[in-house]
Amino acid sequence: MNNHYQLVIIGGGAAGLSAAVTAANYDLRIALIDEQAAIGGQIYRGIESVPKQRGKQLGDDYLHGKSLATAFHRSDVDYFSSTQVWSVNKQGEIGIVNNNQAQILTADQIIIATGAMERPVPFPGWTLTGVMNAGAGQVLFKSAGVVPKNEMVLAGSGPLLLLLATQYLHAGIKIKALLDMSTLTNHLYALPKLPQALLAAHYLIKGMKLQQELKQAGIPILEGVSGLKALGDDNKINSISFKHNRKQKTFTTDLLLIHFGVIPHIWLTQSVGCHHRWDDSQQCWQPKHDQWGKTNLDGILIAGDGSSINGAKAAEYSGKISALQAVYALGKINKQQRHQLTLPAKKSKQQERCIRPFLERWFAISDALLITADDETLVCRCEEITAGEIRQAVHEGHHDSNQIKFINRCGMGACQGRQCANAVANIVAAETGKTIHEAGIYRGRPPVTPITLGQLANLYPQEKQ
Amino acid sequence: MKTEVLIIGGGLIGSSIALQLALRDCQVTVIEKESSGRHASGVNAGGLRQLNRHVAEIPLTIEAAKLWRNIKELVDSDCDTCFPGQIRVAENSEDLKKLQQRQSLVKSLGYHHEEMITKKELYQLAPALSPHCVGALICREDGYARPYHALTAFRHKAESLGVQYSTDNEVYRLNKLDNVWEVRTQKGEFKADVIVNCAGAWANKFAEILGEGVPLTPKTPMMMVTERLPPFINPVIGATSRKLSFKQMQNGTLVIGGAYLAKLDFQQQNTEIDWKKLSESAQTVMALFPQLENVRIVRSWAGIEAFMPDNLPVISASSTEKNVYHAFGFSAHGFQLSPIIGKIISQLILDGKSELPIKAFDIRRFLRSFPN
């Protein structure tokens, strides 16, 4: 059984690498599958090939990824790079596409470590060319050194926004303004969570340093911005308008980078049938899991930001914990050993988590944005469905996300609902008075990433008639 | 709460019956354990097919087709219907012989909706088809609709006529007291004079309560859909000796079925795609449309549907209790029949008999003593 592994890890970021390095010590047949050409995930993207100068610009936290990468390459884990996972099921079958060929791997234990994605937040004009996720922009910068030529505007809410801004600044990119869209009420509600956050004060200090650096560089930081709109002709952005200090303002720009925090990339866990819950504090869906990373499905584990957003360090610890759970389930260690071996990682993970309640409250996305208050705004980009059309469908008696999907095709496009699932659930909840959890999440419909008819037809080549 | 007729199951069949009863001024309540169209009614292929039906279904399918033609008159919506014809292709002389026999049979019964066409006409109608086909059977009036849209239209029309839907409400028990049915549900007790069982894959639970359990098997036909393509084929394509249902929707996506079954955990209501079988389904598509090799599949799914051993539905009065009727077990071809089923059951309830022949669908055919 060439295609069988005792453990398959999906994702080569902080959590996946840490899981692989941990499990590799236990004489198991292990594979790590990653969609990128090189390991590192989003946070440590390009870690093995980054030139010294750019590595320095990206900072020490980024360079920490080197040690994980080195340990991974010393292990004898089978590594599938540039490989898409298009399906995982309860039988432990993992559908992959590698080199344009689809095949099925099987595994006794699977760790899904698919990390986070930027939170899609529809707002007027978000689909215009020239409006881009700040993280996606940063990916271009990390891996290819691609930088925008003209002055750009950064807008949104989230701890990464400042980091992204300083990274752009270091790279010599002109920033016209930074629009902070976290609200002042957020900041009030966040204050009670500050004492706990001080236990991880280094993160707060880092944040303040970033802010100071931007101010010193003369970049205007506008706080409490709301009502952001991207305006343009011919599907291309030429300006933005927004409200600041009770005044309506307009900036001309041909590049708007937006960032509204990150959410777990749940499309595999959703497709395989893991149970999910809506987390009010993180404002996103999360696969339900226990302290060992176990989901409701036997042999399917979750690790890292794909389970809940706690950052790269916490992802590394959680990868270790899930790996040891898999090692335990495979009979290589006993319960007592599992307990002992995971203790330090659990403690460190808890420490990492300290700052999160504060950050989550401080940077919470406003309701107006979550429910796409503007009726004209496209929510489903693939099928071109507006917020108004979704509200209309709710009023016509379609009272959960899947009924909305049935009736107006929201979430049926190639993105499989990645862009619209949150907005649709929030709209349904707001219109019906249900909780977001009750409004529900789209049922997974594999393949998670498209495969061709030809690839599917040749899935089992040796058995072809 | 008291109602004249209580319908168990808010899918398309239940909604069609509710609508027809409401049109005749009946007071109707529909109890649905999840949301309307959650299973087979919402996720089927939407085929409006008269072609190649069991002979017992022919009188029904022809009347149903008339209703679909003017569906807007019935439900105030066209349900996104279109009628480009359905074709069953012959890929070799053996297939051709089977189709000719079929056509003779239909003709001998006095029906003319199924026609043989030559290879030449086949390729005029479907030039995209692989060149090896030799002829086909066609029903030119056939087509398809969008199932969830149809269901919604039926439900809305029924509701506009006063039908009450109680969704997310499971029926637990049926009890008869002084000719009134007491129906115990998750959301309390309902009372009704008449009960109709349209519970689809879950219908046998109620047949069993009534002491007339049937050999119903829940099965899960898989479907897949591709990315949007430029228009390249109009009619719905099926094959004679392969499992295939293939059509291009108005938005350009290809919808591919073929009754390959997914894995099913019925207790959990959980379906899981069987990649080995779906791969066979893709091989079938490759055989008839090799040019689609690089077309991307964006979604696959399976709905839970009730299958009977003879692949014929149960449409009949109960054999054990008065004022109880069944309409279930459509074995993956109930969508097209649904408007006429509403008429038939409403006639059984209100007139004591149906205008159309329904003996073949009697629930008693599964009892040993029932004469065939």
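Caption draft 1: Inspection of the overall build of chain A at higher detail. Of regular secondary structure, chain A possesses 19 helices and 22 strands. Against the 2.2 N^0.38 benchmark of 23 Å for 465 residues, chain A shows a C-alpha radius of gyration of 22 Å, consistent with a compact globule. Along the three orthogonal principal directions, the C-alpha set of chain A runs to about 65 × 50 × 40 Å. Expressed as a percentage of contacts within chain A between residues at least 6 apart in sequence, the contacts between residues at least 24 apart total 68%.

Caption draft 2: Representation of the overall build of chain B. Within chain B one finds 10 helices and 22 strands. On C-alpha atoms alone, chain B measures out to a radius of gyration of 21 Å, which is about the 21 Å that the 2.2 N^0.38 rule sets for 372 residues. Taking the principal axes of the C-alpha coordinates as reference, chain B spans close to 65 × 45 × 40 Å. Burial status across chain B gives 53% buried among its 372 residues. Sequence separation of 24 or more characterises 72% of the internal contacts of chain B that already satisfy a separation of 6 or more.

Caption draft 3: Focus on the packing of helix α1 (residues 12-23) of chain B against helix α10 (residues 338-351) of chain B. Residue and element names in this part refer to chain B. Their axes nearest at 7 Å, the elements α1 and α10 cross at an angle of 50°. What the angle tells us is that α1 and α10 run oblique. Considering only the axes of α1 and α10, their crossing is right-handed. Each of Leu 12, Ile 13, Ser 16, Ile 17, Leu 19, Gln 20 and Leu 21 in α1 lies in contact with α10, whose residues at this interface are Ser 338, Pro 339, Ile 341, Gly 342, Lys 343, Ile 345, Ser 346 and Ile 349. Grouping the amino acids of the contact of α1 with α10 by side-chain chemistry returns nine nonpolar, five polar and one charged.

Caption draft 4: Looking closely at helix α16 (residues 401-408) of chain A. Residue and element names in this part refer to chain A. Here α16 lies mainly inside the structure; eight of its eight residues are buried. Considered for burial, the residues of α16 that qualify are Ser 401, Asn 402, Gln 403, Ile 404, Lys 405, Phe 406, Ile 407 and Asn 408. Looking at the residues trailing α16, positive phi occurs at Arg 409, about 70°.

Caption draft 5: Structural view of the interface of chain B and chain A. Between chain B and chain A, the residue contacts involve 28 residues of the former and 24 residues of the latter. Among the elements of the structure, α7 (147-160), β18 (270-272), α9 (275-288) and β19 (296-302) of chain B are those that each provide at least two residues to the side of chain B that touches chain A.

Caption draft 6: Local environment of the sheet that holds strand β15 (residues 245-248) of chain B. Taken together, the nine strands give an open sheet; going across it, the order is β22(A)-β19(B)-β13(B)-β16(B)-β15(B)-β14(B)-β4(B)-β6(B)-β5(B), and neighbouring strands pair in mixed fashion. Since the sheet does not close on itself, it has two edges, and those belong to β22 (451-452) of chain A together with β5 (115-118) of chain B, each with one partner. Where β22(A) and β19(B) come together, two bridges link them in antiparallel fashion. The partner of A:Ile451 across the bridge, within β19(B), is B:Ile297. On top of the sheet, α9(B) reaches β13 (222-228), β14 (236-239), β15, β16 (253-257) and β19 of chain B; it is set at about 55° to β13(B), its chief contact.

Caption draft 7: Structural view of the environment of A:Leu17. All names here are of chain A. Topologically, Leu 17 is positioned in helix α1 (residues 14-23). Separated by 343 residues in sequence, Leu 17 and Glu 360 have C-alpha atoms that sit 26 Å apart. Discounting residues that sit within four places of it in the chain, Leu 17 has contacts with Gly 12, Ile 39, Leu 68, Ala 69 and Phe 72.

Caption draft 8: Molecular detail of the domain arrangement of chain B. Residues and elements named next belong to chain B. Domain annotation for chain B reports domain 1 (2-63 + 147-214 + 309-366) and domain 2 (86-140 + 221-302). For domain 1 and domain 2, the distance between their C-alpha centroids amounts to 29 Å. Contacts between the two partners involve 11 residues from domain 1, matched on the other side by 17 residues from domain 2. By residue class, the composition of the side of domain 1 that touches domain 2 is seven nonpolar, three polar and one charged.

Caption draft 9: Structural detail: unusual backbone geometry. Note that the residue after A:Pro446, namely A:Pro447, is joined by a cis bond; omega there is 0°. Turning to its location among the elements, A:Pro447 is positioned in the loop between α18 (436-439) and β22. Here the phi dihedral of A:Arg409 falls at roughly 70°; this positive angle occurs in a residue that is not glycine. Within the secondary structure layout, A:Arg409 lies in the loop between α16 and α17 (421-432). Even without being a glycine, B:Asn323 presents a positive backbone phi close to 65°.

Caption draft 10: The nonpolar core, seen in detail. Grouped together as the largest cluster of nonpolar side chains are 257 residues, with contacts concentrated most on A:Val8, A:Ile111, A:Leu154, A:Val424 and B:Val196. Counting residues per element, this core draws most heavily on helix α11 (residues 311-329) of chain A, at 10 residues. The contacts of A:Ile111, once residues within four sequence positions are left out, are A:Leu7, A:Ile9, A:Ile10, A:Ala19, A:Leu301, A:Ala303, A:Ser322, A:Ala323 and A:Ala326.

Caption draft 11: Just the sheet that holds strand β11 (residues 221-222) of chain A, in detail. Reading across from one edge, β8-β15-β9-β10-β11 (chain A) is the order of the five strands in this open sheet, with parallel pairing throughout. Sheet topology places β8 (131-133) and β11 of chain A at the edges, where each strand pairs with a single neighbour.

Caption draft 12: Fine view of the pairing of strand β11 (residues 188-197) of chain B. Residues and elements named next belong to chain B. Relative to β11, strand β1 (residues 2-8) runs parallel, the two sharing six bridges. When the bridges of β11 are listed, Val 5 appears paired with Val 194. The sheet contact formed by strand β10 (residues 180-185) and β11 spans five bridges and is antiparallel. Of the residues in β11, the one forming a bridge with Arg 184 is Glu 189. Connecting β10 to the antiparallel partner β11 that follows it, the hairpin turn spans two residues. Judged from the three bridges that link them, β11 and strand β22 (residues 324-328) form a sheet pairing that is parallel. Bridged to Asn 197 within β22 is His 326.

Caption draft 13: Quick peek at the pairing of β14(B). All names here are of chain B. Alternating residues of β14 divide into Val 236 and Gly 238 and Ile 237 and Ala 239, and every residue in both groups is buried. When strand β4 (residues 86-90) meets β14, the two strands line up parallel, connected through four bridges. The residue of β14 that forms the bridge with Arg 88 is Gly 238. As paired strands, β14 and β15 are joined by two bridges and run antiparallel to one another. Directly across from Ile 237, in β15, lies its bridge partner Phe 246. Linking β14 back to β15 in an antiparallel pair, the connection comprises five residues.

Caption draft 14: Structural view of the environment of A:Thr114. Residues and elements named next belong to chain A. One can find Thr 114 in the loop between β6 (101-112) and β7 (116-118). Each C-alpha atom of the pair Thr 114 and Ala 15 lies 8.5 Å from the other, and the pair is 99 residues apart in sequence. With residues up to four places along the chain from it excluded, the contact list for Thr 114 reads Ile 10, Gly 11, His 265, Leu 268 and Gly 306.

Caption draft 15: The confidence of the model for chain B, seen in detail. Per-residue confidence for chain B averages 96 on the pLDDT scale, and 99% of its residues sit at or above 70. Reported for the predicted complex are a pTM of 0.92 and an ipTM of 0.93.

Caption draft 16: Local environment of helix α4 (residues 65-74) of chain A. Residues and elements named next belong to chain A. All of the buried residues in α4 are Gly 65, Leu 68 and Phe 72. Along the axis of α4, the buried residues cluster in a sector spanning 60°; they form a single face. Residues Ser 67, Thr 70 and Arg 74 are exposed on α4 and point more than 90 degrees away from its buried face. Check the buried side of α4 and you find it contacts α1 and α3 (60-63).

What counts and what doesn't
- Residues numbered from 1 in each chain as written.
- Chains lettered and ligands numbered in written order.
- Predicted model: local features only at pLDDT ≥ 70, side-chain atom pairs only at ≥ 80, totals over all residues.
- Helix = DSSP H or I, 4+ residues; strand = E, 2+ residues; numbered from the N terminus.
- Rg over C-alpha atoms; globule rule 2.2 N^0.38 Å.
- Contact = placed C-beta atoms within 7 Å.
- Buried ≥ 20, exposed ≤ 12 C-beta atoms within 10 Å, placed from the backbone.
- Axes fitted to C-alpha atoms, helices over the stretch in contact; angles between N-to-C directions.
- Parallel < 35°, antiparallel > 145°, perpendicular 65-115°, else oblique.
- Left-handed = near helix turned anticlockwise from the far one by under 90°.
- Nonpolar A, V, L, I, M, F, W, Y, C, P; charged D, E, K, R; others polar.
- Pairing = 2+ DSSP bridges.
- Domains from an automatic or database assignment.
- Core = buried A, V, L, I, M, F, W, Y, C linked by C-beta atoms within 7 Å.
- pLDDT = per-residue confidence, 0-100.
- Arc of directions from axis to C-beta.

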